[in-house]
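If you want the building blocks of each chain, they are given just below.
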Amino acid sequence: MDPLDRVVKPKTKRAKRFLEKREPKLNENTKNAMLIRGGNANLTVTAVLKDIYAVKKPFAVLYKKKNITRPFEDQTSLEFFSKKSDCSLFLFGSHNKKRPNNLIIGRMFDYHVLDMIELGVEKFVSLKDVKNSKCPEGTKPMLVFAGDMFDVNEEYRRLKSLLIDFFRGPTVPSIRLAGLEYVLHFTAVDGKIYMRSYKVLLKKSGCKIPRIELEEMGPSLDLVMRRTHLASDDLYKLSLKQPKALKPKKKKNISHDVFGTTYGRIHMQKQDLSKLQTRKMKGLKKRPAEKLAEDGGATPKKAKSA
């Protein structure tokens, strides 16, 4: 029996809070990522993992010791670390003669590997090499994807979904203009993926809307896709399933157009125009004979009192 599968009863309040934090919720916690060095990781791969960790903080765990494992051959160690650190995303770095400067990015579903994609680093510029001001830790980035391959090719489409999961950060109910200060740009062209990061500078423009400039901040990566391990359509569909409580209830007679405008349809009873009150005029006032005709004849005379 796996020691992590046994039922653990908390003995302290702190342990109880820890276990409650890991329980399934309607609105899940922000996804954490674990960054793991392989047994033969070189200086370039180690620097890439450190820079990605600096971008991803505080929703990341960096393992400093080397771990001798091969994710495409054996995934048990990744699943063990995922349970131990409660991380659903991972980035594994390794280096060998056949696959130099190798990165494997992936995600978990129910503590099992859902899909992972192997990328090769052809060019790397670290945060330290770019002598510009940096964004504060925990800044939520804006993600931009350019290139038809992200919409046409299934492997690139899954990579786009994986990168959004990895870098999106916490879900926020509202944003402010000054908080939009970090851009991650991914471009797919000629079989390569170019990752660039920029800091957004809001400058005076003479009107209410500021003039926007992008300043390269680092890290910068030129990547090429190698091996892929994608989940089946059924398993991928199961991983996207949402609880019924989160699904928005459909409102009757309400529709939206392409611009987001809301339209509502109102149902009313048929209106009797004969009882419609119009403007009161002496010329339109009914005579007593007309009123008697509408009532269906003459009304009986009142009996005289004795």
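The name that an unreviewed UniProt entry assigns to the chain is Ribosome production factor 2 homolog, with the source organism given as Piprites chloris. What the UniProt record of the chain gives under Sequence similarities (unreviewed entry) is the line "Belongs to the RPF2 family." As stated in UniProt under Subcellular location (unreviewed entry), the record for the chain gives "Nucleus, Nucleolus".

## Section: the pattern of salt bridges
By the definition in use, this model includes 15 salt bridges. Between Glu 122 and Lys 192 there is a salt bridge, with the nearest N and O atoms lying 3.0 Å from each other. Of this pair, Glu 122 sits in strand β5 (residues 112–125) while Lys 192 sits in strand β8 (residues 192–203), and the two are 70 residues apart along the sequence. Of the residues examined, Glu 122 reaches a relative accessible area of 48% and is grouped as partly exposed.

## Here we look at the layout of surface pockets
There is about 1,900 Å³ of room inside the largest pocket. As for the largest pocket, its lining consists of 45 residues, of which Glu 28, Asn 29, Lys 31, Ser 88 and Ser 239 are closest to the centre. Its residues assigned to classes, the lining of the largest pocket shows 20 nonpolar, 12 polar and 13 charged.

## Looking at empty space enclosed by the protein
Enumeration according to the criterion identifies two cavities of 30 Å³ or more in this entry. Quantified by volume, the largest cavity comes out at close to 140 Å³. Lining of the largest cavity is provided by 14 residues; of these, Leu 91, Ile 105, Leu 119, Leu 163 and Leu 223 occupy positions nearest its centre. Listed by contribution, the elements that provide at least two residues to the lining of the largest cavity are α2 (43–56), β4 (102–109), α5 (154–167), β8 and β10 (220–229).

## As for the packing of aromatic side chains
Applying the stated criterion to the full structure yields seven aromatic pairs. With 5.0 Å between their ring centres and 45° between their planes, Tyr 63 and Phe 81 make a pair best called tilted. A residue pair is termed long-range when its members are at least 10 positions apart, and Tyr 63 in strand β2 (residues 60–67) and Phe 81 in helix α3 (residues 76–85) qualify at 18 residues. Across the pair, exposure class does not vary: Tyr 63 and Phe 81 are buried alike. Plain terms: the ring middles of Phe 166 and Phe 167 are 5.0 Å apart, the flat faces sit at 65° to each other, and that makes the pair edge-to-face. An identical accessibility class is assigned to Phe 166 and Phe 167; each is buried. Chaining the aromatic ring pairs together yields one cluster made of Phe 145, Phe 150, Tyr 156, Phe 166, Phe 167 and Phe 186.

## Topic: the environment of Lys 291
Locating Lys 291 in the fold gives a position in helix α7 (residues 288–295). Each C-alpha atom, one on Lys 291 and one on Gln 271, is 22 Å from the other, the two residues being 20 residues apart in sequence.

## Focus: the side chain of Arg 196
Mapped onto the fold, Arg 196 is located in strand β8. Of note is the side chain of Arg 196, whose polar atom sits 3.1 Å from the backbone oxygen of Leu 221. Sequence-distant contacts of Arg 196, defined by excluding residues within four places in its chain, comprise Val 183, Leu 184, His 185, Glu 216, Pro 219, Ser 220, Leu 221 and Asp 222.

## Brief notes about the side chain of Glu 79
With respect to the helices and strands, the residue Glu 79 is situated in helix α3. One buried charged residue, Glu 79, remains without a salt bridge, the closest side chain of opposite sign being Lys 83 at 7.5 Å. With residues near it in sequence (within four places) discarded, Glu 79 still touches Met 108, Tyr 111, His 112 and Val 113.

## Considerations on the packing of α2 against α5
At their nearest, the axes of α2 and α5 sit 10 Å apart, and the two run at 65° to each other. When α2 is examined against α5, the residues Ile 52, Val 55 and Lys 56 are found in contact with a partner set consisting of Asp 165, Phe 166 and Phe 167.

## Thoughts on the nonpolar core
If you look at the biggest cluster of nonpolar residues, it comprises 34 residues, and the most contacted ones within it are Ile 52, Ile 105 and Phe 167. Take this core: its biggest share by element is six residues, from α5. One finds Ile 36, Phe 81, Met 108 and Val 113 within the second-largest nonpolar core, a separate group that totals 13 residues.

## Here's the deal with the UniProt feature "domain: Brix" (unreviewed entry) in the chain
In the UniProt entry, the feature "domain: Brix" (unreviewed entry) is given for residues 31–234. Helix makes up 22% of residues 31–234 and strand makes up 41%, while its end C-alpha atoms are separated by 22 Å.

## Describing the pairing of strand β7 (residues 182–189)
Bridge count for strand β6 (residues 142–146) against β7 is five bridges, and the pairing is parallel. Looking across to β7, one finds that Met 142 is bridged to Val 183. Taken together, β7 and the strand that follows it, β8, pair antiparallel across an intervening segment of two residues, in which Asp 190 is found at a positive phi of about 55°.

Definitions and limits used
Residues numbered from 1 in each chain as written. Predicted model: local features only at pLDDT ≥ 70, side-chain atom pairs only at ≥ 80, totals over all residues. Heavy atoms only, no water. UniProt positions renumbered as here; feature names shortened; annotations may be inferred. Salt bridge = Lys/Arg side-chain N within 4 Å of Asp/Glu carboxyl O. Helix = DSSP H or I, 4+ residues; strand = E, 2+ residues; numbered from the N terminus. Buried < 20%, exposed > 50% of the residue type's maximum accessible area, 1.4 Å probe, protein only. 1 Å grid on protein atoms, 1.4 Å probe; cavity = no way out; pocket = protein on both sides within 12 Å on 5 of 7 lines; lining within 4 Å. Points joined across faces, edges and corners; volume = space filled by probe spheres on them. Nonpolar A, V, L, I, M, F, W, Y, C, P; charged D, E, K, R; others polar. Phe/Tyr/Trp six-rings, centres within 6.5 Å; stacked < 30°, edge-to-face > 60°. Polar contact = N/O pair within 3.5 Å; in protein donor to acceptor, adjacent residues only side chain to side chain. Contact = heavy atoms within 4.5 Å. Lys, Arg positive; Asp, Glu negative; His and termini not counted. Axes fitted to C-alpha atoms, helices over the stretch in contact; angles between N-to-C directions. Core = buried A, V, L, I, M, F, W, Y, C linked by side-chain atoms within 4.5 Å. Pairing = 2+ DSSP bridges.

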